[in-house]
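# Survey of secondary and tertiary structure
Residue strings, one per chain:
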Amino acid sequence: MLPVKTFVFLVTIHKNQNSKYNIDMNSYDVAVIGSGPGGYVAAIRCAQLGMKTAIIEKYSTLGGTCLNVGCIPSKALLDSSHHFEDAVKHFDTHGIELPGDVKVNLEKMIARKQAVVDQTTGGIDFLMKKNNIDVYQGLGSFKDARHINIAGEETIEIEAKHTIIATGSKPSSLPFINIDKERIITSTEALKLKEIPKHLVVIGGGVIGLELGQVYRRLGAEVTVVEYMDRIIPTMDAGLSKELNKVFKKAKFKMNVSHKVKSVERVGDEVIIKADNKKGEEVEIKGDYCLVSVGRRPYTDGLNSEAAGVKLNDRGQVEVNDHLQTSASNIYAIGDVIKGAMLAHKAEEEGVFVAETIAGQKPHIDYNLIPGVVYTWPEVASVGKSEEQLKEAGVAYKSGSFPMRALGRSRASMDIDGFVKILADKTTDEILGVHMIGARAADMIAEAVVAMEFRASAEDVSRMSHAHPTYTEAIKEAALAATEDRALHI
Ligand SMILES: Cc1cc2nc3c(=O)[nH]c(=O)nc-3n(C[C@H](O)[C@H](O)[C@H](O)COP(=O)(O)OP(=O)(O)OC[C@H]3O[C@@H](n4cnc5c(N)ncnc54)[C@H](O)[C@@H]3O)c2cc1C
C-alpha cells in the first residue's frame, strides 16, 4: 500500500448542516458522488487507503438503486413469494398440512421488504461512520473539476483533489410510453404495489422483468411477458433462455418473444398494449398493470459534468479510459453510469479499482469473469463466454452438460429443473464459460469464477471432490462430461 499524501487546502467553505456526521473541513482527497454499491465501496476503499473521503447522495438513505429499489428489495420479495408458493404448492407433498387456506398479506410482505431495505441501508451509515467518511445529503454538481456544489437544504461547496462519479442509472422506457407510476410502472413501483395485479403485462424479458414477474405470478397474478428479441434473457447463453422459458411456461406465464410493442395506453384501470408479432400481425394484450422493464439509462442529470470537462458518449454514459478515468484527469467514473454490465458487483469491483488507482496501485478487473445472475427460481447464472460468443469468435470448444434432475440433492428438494453446462477449449481444456440454471445457481457460479480466475481446465474441476449430496455435484459432472464425456451419474 502506498502512502497517500496529505493535501493542504486553502479554503474551508461552509460546514454541512445537513450531515448526520461531524464535518470539520470541506476539502477532500476524494469525493464520491452517489452512494450505490459502486460509490459506497469506492469510498470505503479510499478511506482504508488513508484518503480523506466524502460521499454525496441526493436521497436521504445511502445504498443507491441496489439497496433501495433494486437488488435487495427484489430479492426480499422473491424470497417471500417463494415461501408462499412452497406453502401452496409443495407443503402437501412434503407431508405438511396447514390448518386452513394460505393467504397473502401483501401489505405485510412489502413492509418486511422495506424493513430489510432499512436495515441494509442503515448498515451503510454504520460503515461510513466506521471509516470516517463524511456523508453529504444533496444533489452534487460540478462547479469545476475540483469543486462540487451540493444542493441539500442549503447549497454548500466542497473541494476534492479527485472525484469519483458513481451516479448510477434510472429505469428507461420507450418514447411512446407514458409511465404514470400507477398502472404503467417501472421496477421501482413494482416493489411497492398495494394490490396483487390480476394481469401483469411485463414489457421486457430481461432479468428485472422476469424476477418481478415471477414474484407476482407466485402471488396469483396472471403474467404475460412481451419481449422484442427472439428469446428471453437474450444476453445470456441461449440454452439458459430455452430452459427458463420452458419453466416459465410450465408455471403458466404467457411468453411472447419476437413481439415489438408499439403502444401502451391506460384506459381507466386497464392498460392496453399493442405489439406486432413475428409475422407482423398486430396483437392486443389487456392487463390491469404494465411493468416496463426495457433496461436502464445512465444517470447524470444535474451533475453539470461539462463544467468539469467530463465528456459523455452518445449513449449518455460517462466516457472513461482503461483506468476508468474520465476526460478530466482527476475525475473517475464507475458502475452503471459507464459502459459495461449494469450489475452491483461490477460497480463494486470498479469502486475498489479506482480507489487503488488513485492511491497509485496497479489494480486489475477481468470483465470476462463478472458473473451474471437471474434470481428467478430456478436461478440462472453465467460466467465467461456463451456458446454463441465462442461460435462468433471462431473458437474451437467442447461442451459438457449435466441435468439437475440426475442429482440426489435436487430430487430431495424437488428442484429438478435445469442443468450445468461447461464450455472448454477443445485443445487445452481451459474452461471458457460456465452456464447454469437450477437451485442455488446464483451461489454455485462462484465456483466457476474461482476456477476460471485460476485458469482451470475442465479436468481440474472434474478431479476436485464435491460434497455429496449438493447441487455443486452438477458442476463436477458437467466438467467430467466436457473433459472426456464421462459423467458418472447419467
Ligand atoms: C429491480 C432491480 C433489481 C436488481 N437486481 C440486481 C441484482 O440482483 N444483482 C445485481 O448485481 N444488480 C442488480 N440490479 C442492478 C444494480 O442495482 C445496479 O447495477 C447497481 O445499483 C449500480 O450501482 P451504482 O453504484 O453504479 O449506482 P446506483 O446504485 O444507481 O447508485 C447511484 C446513486 O447515485 C445517486 N446520485 C445520482 N446522481 C447524483 C448526484 N448528482 N448527486 C448525488 N447523488 C446522486 C443516486 O441517488 C443513487 O443513490 C438491480 C436493479 C434493479 C432496478
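Residues numbered from 1 in each chain as written. Predicted model: local features only at pLDDT ≥ 70, side-chain atom pairs only at ≥ 80, totals over all residues. Heavy atoms only, no water.

Selection criterion: UniProt positions are given in the numbering used here, feature names are shortened, and annotations may be inferred rather than shown by experiment.
In the nomenclature of an unreviewed UniProt entry, the protein chain is known as Dihydrolipoyl dehydrogenase of Algibacter mikhailovii. The annotation that UniProt attaches to the protein chain under Sequence similarities (unreviewed entry) is "Belongs to the class-I pyridine nucleotide-disulfide oxidoreductase family." According to UniProt, the comment filed for the protein chain under the heading Catalytic activity (unreviewed entry) is "N(6)-[(R)-dihydrolipoyl]-L-lysyl-[protein] + NAD(+) = N(6)-[(R)-lipoyl]-L-lysyl-[protein] + NADH + H(+)".

### Notes on the domain arrangement of the protein chain
Our working rule: Domain borders in the structure are assigned automatically or taken from a domain database. Whether two residues touch is decided by their heavy atoms; if any such pair falls within 4.5 Å, the residues are in contact. Summed over both partners, the accessible surface that disappears when two parts come together, traced with a 1.4 Å probe, is what is meant by buried area.
As assigned here, the protein chain comprises domain 1 (4-67 + 110-170 + 297-365), domain 2 (184-294) and domain 3 (369-484). Here domain 2 and domain 3 have C-alpha centroids that lie 28 Å from each other. With 17 residues of domain 2 at the contact, the number on the domain 3 side is 21 residues. For the domain 2 and domain 3 pair, buried surface summed over both sides reaches about 1,400 Å², with 64% attributable to carbon and sulfur atoms.

### Things to note about the state of the cysteines
Test applied: In what follows, a disulfide is any cysteine sulfur pair within 2.5 Å. Summary of the burial criterion: residues with accessible area below 20% of their type's maximum are buried, those above 50% are exposed, and those between are partly exposed, where the area comes from a 1.4 Å probe applied to protein chains only.
Counted by the stated rule, this structure contains one disulfide. The disulfide bridge from Cys66 ends at Cys71, spanning 2.4 Å between sulfur atoms. One disulfide, between Cys66 and Cys71, carries an S-S torsion of -130° and so falls in the left-handed class. When its relative accessible area of 11% is taken as the criterion, Cys66 is described as buried. Looking at Cys46, it has no disulfide partner, and the nearest cysteine sulfur is the one in Cys66, 19 Å off.

### Re the sheet that holds strand E15 (residues 289-292)
The following threshold applies: The criterion for strand pairing is that DSSP finds at least two bridges linking the strands in question. Every helix listed is a DSSP run of H or I at least four residues long, and every strand listed is a run of E at least two residues long, numbered separately from the N terminus. Between N-to-C directions, angles span 0 to 180 degrees; the directions come from axes that are lines fitted to C-alpha atoms, helices contributing only their stretch in contact.
Spatially, five strands are ordered E8-E15-E9-E10-E11 in an open sheet, and the strand pairing comes out parallel. Each edge of the open sheet is held by one strand with a lone partner, namely strand E8 (184-185) and strand E11 (254-256). Sheet topology places strand E9 (residues 199-203) next to E15; four bridges connect them, and they run parallel. Within E15, the position partnered with Ile203 by the bridge is Val292. Where helix H6 (residues 207-218) meets the sheet, its contacts fall on E9, strand E10 (222-226) and E15, and the angle it forms with E10 comes to roughly 165°.

### Quick word on the pattern of salt bridges
Inclusion rule: Definition used for salt bridges: Asp or Glu carboxyl oxygen within 4 Å of a side-chain nitrogen of Lys or Arg.
Applying the stated criterion across every chain yields a total of 26 salt bridges. A salt bridge links Glu282 to Lys262; its shortest N-O distance comes to 2.9 Å. In this pair, Glu282 is assigned in strand E14 (residues 282-287) and Lys262 in strand E12 (residues 260-267), connecting sequence segments 20 residues apart. Among the salt bridges present, the one from Glu387 reaches Lys421, with a minimum N-O distance of 2.8 Å. Of this pair, Glu387 sits in helix H9 (residues 387-393) while Lys421 sits in strand E21 (residues 419-425), and the two are 34 residues apart along the sequence.

### Comments concerning the site of the ligand
Quick note on the threshold: We define proximity as follows: a residue is near a molecule or strand when any one of its heavy atoms falls within 4 Å of that partner. Pairing of N or O atoms within 3.5 Å defines a polar contact, subject to two protein rules: one partner must be a possible hydrogen donor and the other a possible acceptor, and residues neighboring in sequence count only if both atoms are side-chain atoms. Here the accessible surface of atoms and residues is derived via Shrake-Rupley with a 1.4 Å probe, and residues count as covered only by protein chains that are part of the display. Residue polarity is assigned by list, with Asp, Glu, Lys and Arg as charged and Ala, Val, Leu, Ile, Met, Phe, Trp, Tyr, Cys and Pro as nonpolar; anything else, Gly included, falls into the polar class.
What surrounds the ligand is a group of 39 residues, the closest being Glu57, Thr65, Lys75, Gly140 and Ala344. Take Lys75: an N or O atom from its side chain is 2.7 Å from an oxygen atom of the ligand. With respect to the ligand, the side chain of His345 contributes an N or O atom lying 3.3 Å from an oxygen atom. Summarising the interface, the protein chains cover 96% of the accessible area of the ligand, which totals 990 Å² for the free molecule. Of all the elements in the fold, those that place two or more residues in the shell around the ligand are helix H1 (37-48), strand E2 (53-57), helix H2 (64-69), helix H3 (71-90), strand E4 (139-144) and helix H8 (344-358). With four residues, the single largest contributor to the shell around the ligand is H2. Looking at the shell around the ligand residue by residue, the class counts come to 17 nonpolar, 17 polar and five charged.

### A closer look at the UniProt feature "active site" (unreviewed entry) in the protein chain
UniProt annotation of "active site" (unreviewed entry) refers to His468 when read in the numbering used here. Tracing the backbone shows His468 in the loop between helix H12 (458-462) and helix H13 (473-484).

### A closer look at the confidence of the model for the protein chain
For clarity, the threshold we go by: The pLDDT score gives, residue by residue, the confidence of the prediction method on a 0 to 100 scale.
Mean pLDDT for the protein chain: 94, with 95% of residues reaching 70 or above. Within the protein chain, no element has a lower average pLDDT than H13, which sits at 96, and none a higher one than strand E17 (residues 331-333), at 99.

### Thoughts on the pairing of E2
Where we set the bar: Here, the term right-handed applies to a crossover whose path from the first strand over the helix to the second runs clockwise when the strands point away from the viewer.
Along E2, five of the five residues are buried, which leaves the element largely enclosed by surrounding structure. Here E2 shows no split at all, with Thr53, Ile55 and Glu57 on one side and Ala54 and Ile56 on the other all buried. When strand E1 (residues 27-33) meets E2, the two strands line up parallel, connected through four bridges. By the bridge assignment, Ile33 is partnered in E2 with Ile56. With H1 bridging E1 and the parallel E2, this β-α-β connection has right-handed handedness. Where E2 and strand E3 (residues 134-137) come together, four bridges link them in parallel fashion. Along E3, the bridge assignment pairs Ala54 with Asp134.

### A word on the UniProt feature "domain: Pyridine nucleotide-disulphide oxidoreductase dimerisation" (unreviewed entry) in the protein chain
Here the UniProt-annotated "domain: Pyridine nucleotide-disulphide oxidoreductase dimerisation" (unreviewed entry) positions come out as residues 370-479. The span residues 370-479 is 35% helical and 28% strand by assignment, and the distance between its end C-alpha atoms comes to 20 Å.

### Considerations on helix H11 (residues 441-453)
The condition is simple: For a helix, the expected span equals 1.5 Å multiplied by the residue count minus one.
Taking 1.5 Å as the rise per residue, H11 with 13 residues should run 18 Å; its terminal C-alpha atoms sit 18 Å apart, in good agreement. Buried residues of H11: Ala441, Ala442, Met444, Ile445, Glu447, Ala448, Val449, Ala451 and Met452, and no others. Contacts from the buried residues of H11 go to strand E18 (372-374), strand E19 (379-384), strand E22 (431-438), H12 and H13. Of the residues one or two after H11, Arg455 is the one with positive phi, at around 50°.

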